[in-house]
Amino acid sequence: MTQILLKSGNFLHELAARSNIFSAITRSCSSLVTSAKDISKDEPDKLYKMIELEMRGHDPAVLKSYSYFLTTAARHLDIEVGNCWTPKKAVHERLTVLRSIHVKKKYRVQYETRTYFTFAQLHKLTGSTADTYLEYVQRNLPEGVSMKVTKIALERFPEHLKPPVKEEITAE
């Protein structure tokens, strides 16, 4: 069996296809590579001054672990990580409803949800790096966590606007 795999020359690929863990990794990596190849060579790569990631969840421990994963992945890709912070208090939403629909109006039940936030900033990214990083990070988003991405792009100065011309005043 090992002789057949070695003769095919694709030993690691065959081994990865047999295990569930490695097959998921190879699928995600191969899709990242194919999406990177789809970018046309004609247009220049976009530059981002800052990308802000906002994560929301109901469990602060999961958010803390995921923010650690975000910063570790960014550091492995040599992405400059800015501020990472979490507000002190969660957002509380309470809903009070009647326990019984038709009778006994004085008996009520309260339901409460707490939403925790975590913010992270990434500085000085190119478009291809940002797309690859965000796709990787969003594929590994844990259950119960949502992410909002805000990108601040650097743009060229418009051609129809010119810088002011300084005129020299000669004293006579």
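Conventions used here
Residues numbered from 1 in each chain as written. Predicted model: local features only at pLDDT ≥ 70, side-chain atom pairs only at ≥ 80, totals over all residues. Heavy atoms only, no water. Helix = DSSP H or I, 4+ residues; strand = E, 2+ residues; numbered from the N terminus. Buried < 20%, exposed > 50% of the residue type's maximum accessible area, 1.4 Å probe, protein only. Contact = heavy atoms within 4.5 Å. Salt bridge = Lys/Arg side-chain N within 4 Å of Asp/Glu carboxyl O. Expected span 1.5 Å × (residues − 1). Arc of directions from axis to C-beta.

Student: What is the right way to read the overall build of the protein from this model?
Tutor: Counting secondary structure elements, the protein contains five helices and five strands. Starting at the N terminus and walking to the C terminus, you meet the elements of the protein as α-α-α-β-α-β-β-β-α-β. Residues counted as buried form 22% of the 172 residues belonging to the protein. Counting only contacts in the protein whose residues sit at least 6 apart along the sequence, the fraction spanning at least 24 positions is 74%.

Student: Sorry, what's going on with the side chain of Thr71 here?
Tutor: Following the sequence through the fold, Thr71 ends up in helix 4 (residues 60-76). Under the relative-accessibility criterion, Thr71 is labelled buried at 12%. Once residues lying within four places of it in the same chain are set aside, the contact partners of Thr71 are Val81 and Cys84.

Student: Sorry, what's going on with the pattern of salt bridges here?
Tutor: Scanning all chains against the criterion turns up five salt bridges. The partner of Glu54 in a salt bridge is Arg56, and the shortest N-O contact between them spans 2.9 Å. According to the relative accessible area criterion, Glu54 is buried, its value standing at 11%. Residue classification places Arg56 among the partly exposed residues on the basis of a relative accessible area of 40%. A salt bridge links Lys151 to Asp131, with the nearest nitrogen and oxygen atoms 3.7 Å apart. Of this pair, Lys151 sits in strand 5 (residues 145-153) while Asp131 is found in helix 5 (residues 127-139), placing the two residues 20 residues apart along the sequence. Lys151 sits in the partly exposed class, given a relative accessible area of 37%. Under the relative-accessibility criterion, Asp131 is labelled partly exposed at 39%.

Student: Before we go on, may I ask you to explain unusual backbone geometry in this structure?
Tutor: Both trends apply: most residues other than glycine have a negative phi, and most peptide bonds are in trans. Within the chain, Asp78 stands out as a residue other than glycine whose phi angle is a positive 60°. Along the chain, Asp78 turns up in the loop between helix 4 and strand 2 (80-85). Phi is positive for Lys104, close to 55°, though the residue is something other than glycine. Along the polypeptide, Lys104 turns up in the loop between strand 3 (91-98) and strand 4 (108-126).

Student: Can you help me understand helix 4 in this one?
Tutor: Because an α-helix completes one turn every 3.6 residues, residues spaced three or four positions apart along the sequence face the same direction. In this model, helix 4 (17 residues) spans 24 Å end to end at C-alpha, consistent with the 24 Å of a helix rising 1.5 Å per residue. Leu63, Tyr66, Ser67, Leu70, Thr71, Ala73 and Ala74 are the residues of helix 4 that are buried. Taken around the axis of helix 4, the buried residues stretch over an arc of 160°, which confines them to a single face. The exposed residues of helix 4 that point more than 90 degrees off its buried face are Ala61, Lys64, Tyr68, Arg75 and His76. Contacts from the buried residues of helix 4 go to strand 1 (47-57), strand 2, strand 4, helix 5 and strand 5. The first or second residue beyond helix 4 is Asp78, which carries a positive phi of 60°.

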